[in-house]
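Examining the three-dimensional arrangement
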Amino acid sequence: MRKSILMLGLVAFMFVSCGDTKKEEVKKEVETKVEKVEVVATEVAVDTEANITAGKKLFTEKGCIACHQESMKIVGPSVKDIAAKYASEKGNMVKFLKGEAAAIVDTNPGQVAIMKANLDGFVKDLNGDQLAALASYMRSVK
Ligand code: HEC
């Protein structure tokens, strides 16, 4: 990936000598490509330390912690229980948070409705990076 960015840089440099209009065009093209690289990185988000730390921060800031403690059930299941279930069932947390996959941890309709209210209320406003970070954090709780 770094190599392709370097290549783009090189191409951009070569065009720079061809005049201003070309320069603008190439600049735009390079910017678009770099944007695309970032999007791909989001889709394959891995559980890096940075992602886990960002997710943990969001978990507090967004109020998830009010209903989910790390190792004890309060309103919702503990993060530990959520992580264990998603690992054993190979579930996709990001899909659940996007409202694209059904609940697998606690399927009691009353409980599901509480979480659904969050998904429809504010989780829908979080972006892909934030959801991936939240999932990384939850997976890291053992
Ligand atoms: C008002 C309380 C409340 C808040 C706030 C809340 N949750 Fe939940 N959550 C629940 C309840 C209740 C359940 C159990 C129902 C269920 O499993 O869907 C649950 C379940 C879950 C599950 C398991 C879903 C499954 O497959 O069963 C995940 C993952 C989850 N919450 C993540 C989050 C995240 C991330 C946030 C913050 C962005 C959050 N929750 C905020 C109450 C809450």
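The rules behind the values
- Residues numbered from 1 in each chain as written.
- Predicted model: local features only at pLDDT ≥ 70, side-chain atom pairs only at ≥ 80, totals over all residues.
- Heavy atoms only, no water.
- Helix = DSSP H or I, 4+ residues; strand = E, 2+ residues; numbered from the N terminus.
- Buried < 20%, exposed > 50% of the residue type's maximum accessible area, 1.4 Å probe, protein only.
- Contact = heavy atoms within 4.5 Å.
- Phe/Tyr/Trp six-rings, centres within 6.5 Å; stacked < 30°, edge-to-face > 60°.
- Near = heavy atom within 4 Å.
- Polar contact = N/O pair within 3.5 Å; in protein donor to acceptor, adjacent residues only side chain to side chain.
- Nonpolar A, V, L, I, M, F, W, Y, C, P; charged D, E, K, R; others polar.
- Donors = N, O, S within 2.8 Å, 3.2 Å for Na, K, Ca; no water.
- Tetrahedral: all angles 85-135°; square planar, octahedral: opposite > 155°, others 65-115°.
- Axes fitted to C-alpha atoms, helices over the stretch in contact; angles between N-to-C directions.
- Parallel < 35°, antiparallel > 145°, perpendicular 65-115°, else oblique.

**Some remarks on the overall build of the protein chain**
Scanning the protein chain from N- to C-terminus turns up seven helices and zero strands. Starting at the N terminus, the α and β elements of the protein chain follow one another as α-α-α-α-α-α-α. By residue count, 23% of the 142 residues in the protein chain fall in the buried class. When contacts within the protein chain are restricted to residue pairs at least 6 apart in sequence, those whose partners lie at least 24 apart make up 52%.

**Some remarks on the packing of aromatic side chains**
This structure, assessed with the given rule, holds one aromatic pair. Ring centres of Phe59 and Tyr137 lie 5.2 Å apart, and the angle between their planes is 55°; this geometry places the pair in the tilted category. Residue Phe59 is located in helix H3 (residues 49-61), and its partner Tyr137 is located in helix H7 (residues 128-140); the two are separated by 78 residues in the primary sequence. A relative accessible area of 3% places Phe59 in the buried class. Under the relative-accessibility criterion, Tyr137 is labelled buried at 4%.

**Considering the site of the ligand**
Neighbouring the ligand are 23 residues; Cys64, Cys67, His68, Tyr86 and Met115 lie closest to it. His68 places a polar side-chain atom, nitrogen or oxygen, 2.8 Å from a nitrogen atom of the ligand. Contact distances for the ligand include 2.7 Å between an oxygen atom and a backbone N or O atom of Val105. At five residues, the largest contribution of residues to the shell around the ligand is made by helix H6 (residues 109-121). In terms of residue class, the shell around the ligand is built from 17 nonpolar, five polar and one charged.

**Notes on the coordination of the iron atom of the ligand**
Summarising the metal site, the iron atom of the ligand is bound by the protein donors His68 (NE2) and Met115 (SD), whose distances to it range over 2.0 to 2.2 Å. Here the iron atom of the ligand binds six donor atoms, and the angle range of 87 to 179° at the metal identifies the geometry as octahedral. With a gap of 47 residues between them, His68 in the loop between H3 and helix H4 (79-89) and Met115 in helix H6 connect regions that are remote in the sequence. Taking the relative accessible area as the measure of exposure, Met115 reaches 21% and is therefore partly exposed.

**Regarding the packing of H3 against H7**
Their axes nearest at 7 Å, the elements H3 and H7 cross at an angle of 100°. As the angle between them shows, H3 and H7 are arranged roughly perpendicular. Where H3 abuts H7, its residues Asn51, Ile52, Ala54, Gly55, Lys56, Leu58 and Phe59 lie against Gln130, Ala133, Leu134, Ser136, Tyr137, Met138 and Ser140. In terms of residue class, the contact of H3 with H7 is made up of eight nonpolar, five polar and one charged.

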